Amino acid sequence: MPDLLLELFSEEIPARMQRKAADELKSLVTNALVDSGLPYEGAKAFATPRRLALHVAGVPAGSAAKREERKGPRVGAPEKAVEGFLRGAGLASIEDATIRNDPKKGDFYVAVIEKPGRSAIDIIAEFMPGILRGFPWPKSMRWGTTPTRWVRPLHSIVATFGPETEEPDVVPFEFDGIASGQTTRGHRFLADEAFDVRRFDDYATGLEKHKVVLDSDRRKEIILNDAKDRALALGLDLVEDPGLLDEVAGLVEWPVVLTGSFDEAFLEIPDECIQLTIRVNQKCFVLKNPTTGRLANRFVLVSNIQADDGGKLIVAGNEKVIRARLADARFFWDTDLKSSLSDNLPRLADVKFHEKLGSVGARVKRLVSLSAELAPIVGADALKARRAAELAKADLVSNMVFEFPELQGLMGRYYATAQGEDASVAIAIEEHYKPQGPSDSVPTDPVAVSVALAEKLDLLAGFWAIDEKPTGSKDPFALRRAALGVIRIVLENDLRISLQKVLLKAHVEREVQRFSTFMNCNHAKCFVSNVSQSGESFSGNGQAFEEVVERFDGTKDEFIWEVDVYDFDGGPPYAELGDNSEPIKVMKCLDYSEDLLSFFGDRLKVHLKDEGARHDLIDAVFALDGQDDLLMVVKRVEALGSFVSSDDGANLLAGYKRAVNILKAEEKKDGVPVTGRPHSDHFQEQAEIDLAAAIDAARAEAAGAVAGENFEGAMEALSKLRAPVDRFFEDILVNAEEPALRMNRLQLLAEIRDATHVVADFSRVAG
């Protein structure tokens, strides 16, 4: 079968756009082929700095003829209905239509439309200009006087079609003055002559002869292997960088690997600074000493030409630029070391975090307080946690991080270590951003864990308070990532944390700070004059705001404070917030924390589903009230999964669903829910008596096991209900004629439902 070859030859395409553009070309062309009735056997796209290419194999020579019947109005229908039918079917008169008979509906018109097959070349020539005009480049440009838009000026188009055994034809089309043909060009500097191509095999071979490696994966393989060989010859190891390898492969058509060096004195700079400087400015790889694990003063560069001097001039030019850039990096490093991280803290007040959430300096104060709250929960030293949180953002105003934002946190660790901070504090400064993705590690040092949790919880609480939640696919502040980060930190460190309490504290901390800002005072503290829970007021008795939060049990509908702002030591108030300052006076932090807790639940479902947990089991556990301890939720889901996969669990689940279905039907019929305990004096059969006793025993045992966080034991207790439930449904007629007996048995079914809900909501379990 014929093959299609396309090439779009232009000026240099940005490396970051090449792979996606090749995939887009493949998708657009193959979809158009299929839509036109031209199925294909296979397709592969390619990209180099100067060309996009596509090879589609096994394309039919033409589309098949089609015969279509279109049903029209009945015979004798109004004239306008007939005219509309003729226009839609493309018929000149009603005499061209066929009359069919339907025994029920009578005679009606049918248009038989014959669509002849078309040549594949004609079809391709027809749709290609539209694909090129609407090509989805992230950025495009115009040049000359033509309206043509492409990522860079387009020079030529190759489009050939034909079988392997014959001379292919050129697919004739034009894209804004550029006519398709079969001529392309080789490497810009090494073989810049034009040559003709027929099909893909001689196209790829011809490019190779003209110093162009068409396949980007092969260019990457050449670069990586040659770089490793060069490093091995020097007794060094290549520091692999997949992202840089992708980028460099998109910058060259004929990769030539060379090595250069720089002054050893620059090795005093942290390795990460050296690597990033060389990577960002010169797109070069660094090498390391396998003995010390530190970087060596050598680098690997990739040229796009084979120079007559073996690349000496190219290497010298790169060495000159790298020497200047490393000198800048050393200046940044030396300058930053002249001052401590603590000296940077006042400058954070001038760095805006968010228009509605204040400065980075204000956020640091919240992190300090929240980290100290979390420290005893995660087993960290509270003083070290406070110190780490205080310094966590200090490197943001350093010279090195200003130049290379990617080094935030890491440079803070270097500076903290250099100025003699505790090792845990230094580690926490670097790791409090972690994890930044599913493949990133989580902090394990307790101090780092406390600050990392504070960082993410404050971020979430703040953006929830200003109603900047993720919507659909939009999440500009990476709040989903922050929530998943909290989940991973908690689960991978086996932490017991009441999320609702911690989130409430985060909201309270932000509100306390907001009051202080409102009062234009750096030493204010909030005291509660009145508290309202679910509409019932009681005096705060001058308690500190945070102390009243401890009284909150997490089950009330609403928690509102009326607050006065006092001097730090409890002296006379700076001012009392009157009725005219309602937004400041009344706070509803609970609304934020409850909604945010629901968001965590959704994120945990995603995380557990990725880990292989059943979605219905997660829903069954989350349906219970007060599930804010992530570790216990996971343990409960695991125990529930093991239970329902056992014979006892599966049979009890079936009995539960049967009981619930009967209850739903009867409650709907009666119009009232079934409530109350069954009366033992109404039991008439031994199966009823045995089930009631088994439910009481299983419920008590399961509740005790749940209280002791022994979820496997709770499931085992419920498993004892299997036999009495089965026997009950075998021996007992629930809908007895006597109303009192019927209600008593329905109440017994409700007992089955309520007993299982001690562990999970079984109605949400599939099966």
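Keep in mind that this is a model prediction, so the values were computed, not measured. (Residues numbered from 1 in each chain as written. Predicted model: local features only at pLDDT ≥ 70, side-chain atom pairs only at ≥ 80, totals over all residues. Heavy atoms only, no water.)

A. Molecular detail of the sheet that holds strand E15 (residues 285–288). Read across the open sheet, the 4 strands follow the order E13-E15-E16-E14; overall the sheet is antiparallel. In this open sheet, the two strands that pair with only one neighbour each are strand E13 (237–238) and strand E14 (256–261). The strands touched by helix H5 (residues 216–233) are E13, E14, E15 and strand E16 (295–303); relative to E14, the strand with the most contacts, the crossing angle is about 35°. (Pairing = 2+ DSSP bridges. Helix = DSSP H or I, 4+ residues; strand = E, 2+ residues; numbered from the N terminus. Contact = heavy atoms within 4.5 Å. Axes fitted to C-alpha atoms, helices over the stretch in contact; angles between N-to-C directions.)

B. Fine view of the sheet that holds strand E6 (residues 106–115). Pairing is antiparallel across the open sheet formed by 3 strands, whose spatial order is E4-E6-E5. Each of the sheet's edge strands pairs with one partner strand only, and the pair in question is strand E4 (66–74) and strand E5 (98–102). Ignoring which end each strand starts from, the neighbouring axes of this sheet average 35° apart. Examined bridge by bridge, E5 and E6 share 5 bridges and lie antiparallel to one another. Opposite Asn101, over in E6, you have Asp107 as the bridge partner. Sitting on the sheet, helix H2 (residues 79–89) is in contact with E4 and E6, with an inclination near 170° to E4.

C. Looking closely at the packing of helix H16 (residues 479–492) against helix H22 (residues 630–644). Packing of H16 against H22 leaves a shortest axis separation of 9 Å and a crossing angle of 70°. As summarised for this structure, H16 and H22 are arranged roughly perpendicular, according to the angle between their axes. Here H16 contributes Ile487, Val490 and Leu491 to the contact with H22, which in turn contributes Leu630, Leu631 and Val634. (Parallel < 35°, antiparallel > 145°, perpendicular 65-115°, else oblique.)

D. The arrangement of helix H24 (residues 686–707) in detail. Look at H24: 32 Å from first C-alpha to last across 22 residues, which is about the 32 Å you get at 1.5 Å a residue. If you check which residues of H24 are buried, you get Ala687, Glu688, Leu691, Ala692, Ala694, Ile695, Ala698, Arg699, Ala702, Ala705 and Val706. The elements touched by buried residues of H24 are H22, helix H25 (711–719), helix H26 (722–731) and helix H27 (739–756). One or two positions beyond H24, positive phi appears at Glu709, with a value near 60°. (Expected span 1.5 Å × (residues − 1). Buried < 20%, exposed > 50% of the residue type's maximum accessible area, 1.4 Å probe, protein only.)

E. Looking closely at the pairing of strand E7 (residues 154–162). With respect to burial, E7 is a largely interior element, 8 of its 9 residues being buried. Sheet analysis places strand E1 (residues 3–10) next to E7, joined by 8 bridges and oriented antiparallel. Of the residues in E7, the one forming a bridge with Phe9 is Ser156. Pairing geometry for E7 and strand E10 (residues 178–181), over 2 bridges, is parallel. By the bridge assignment for E10, Val158 is matched with Gly181. As defined by bridge partners, E7 adjoins strand E8 (residues 169–170) across 2 bridges and the pair is classed as antiparallel. Residue pairing across strands places Phe161 opposite Asp169, the latter belonging to E8.

F. A look at unusual backbone geometry. Cis geometry marks the peptide bond from Lys434 to Pro435; its omega dihedral reads -10°. Its location among the elements puts Pro435 in the loop between helix H14 (423–431) and helix H15 (446–465). Its identity as a non-glycine residue notwithstanding, Lys211 has a phi of 65°, on the positive side. Within the fold, Lys211 resides in the loop between helix H4 (200–209) and H5. Among the residues examined, Lys211 registers a relative accessible area of 26% and is labelled partly exposed.

G. Layout of helix H13 (residues 410–418). Listing the buried residues of H13 in full gives Leu410, Met411, Gly412, Tyr415 and Ala416. Among the structural elements, helix H7 (271–282), helix H8 (312–337), helix H9 (341–344), helix H12 (399–403) and H14 are those in contact with the buried residues of H13. After H13 finishes, the residue Gly420 shows a positive phi value of roughly 85°.

H. Looking closely at the packing of H14 against H15. Two elements in contact, H14 and H15, have axes whose closest approach is 8 Å; the angle formed by their N-to-C orientations is 35°. Classified by chirality, the crossing of H15 by H14 is right-handed. Of the residues in H15, those in contact with Ser424, Ile427, Ala428 and Glu431 of H14 are Val447, Ala448, Val451 and Ala452. Among the residues forming the contact of H14 with H15, the class breakdown is 6 nonpolar, 1 polar and 1 charged. (Left-handed = near helix turned anticlockwise from the far one by under 90°. Nonpolar A, V, L, I, M, F, W, Y, C, P; charged D, E, K, R; others polar.)

I. Focus on the packing of aromatic side chains. Scanning all chains against the criterion turns up 15 aromatic pairs. Centroid distance Phe135 to Trp137: 5.0 Å. Interplanar angle 50°. Geometry classified as tilted. With a relative accessible area of 9%, Phe135 lands in the buried category. A ring pair is formed by Trp137 and Trp150, whose centres lie 5.3 Å apart and whose planes are at 80°; its orientation type is edge-to-face. In this pair, Trp137 sits in the loop between helix H3 (120–133) and E7 while Trp150 sits in the loop between H3 and E7, placing the two residues 13 residues apart along the sequence. Since its relative accessible area comes to 10%, Trp137 is described here as buried. Members of the aromatic cluster, joined through ring pairs, are Phe135, Trp137, Trp150 and Phe175. The ring centre of Phe108 lies 4.7 Å from the NZ or CZ of Lys71, which sits over that ring. Just above the ring of Tyr414 sits the side chain of Arg413; from NZ or CZ to the centre is 5.0 Å. (Phe/Tyr/Trp six-rings, centres within 6.5 Å; stacked < 30°, edge-to-face > 60°. Lys NZ or Arg CZ within 6 Å of the ring centre and 35° of its normal.)

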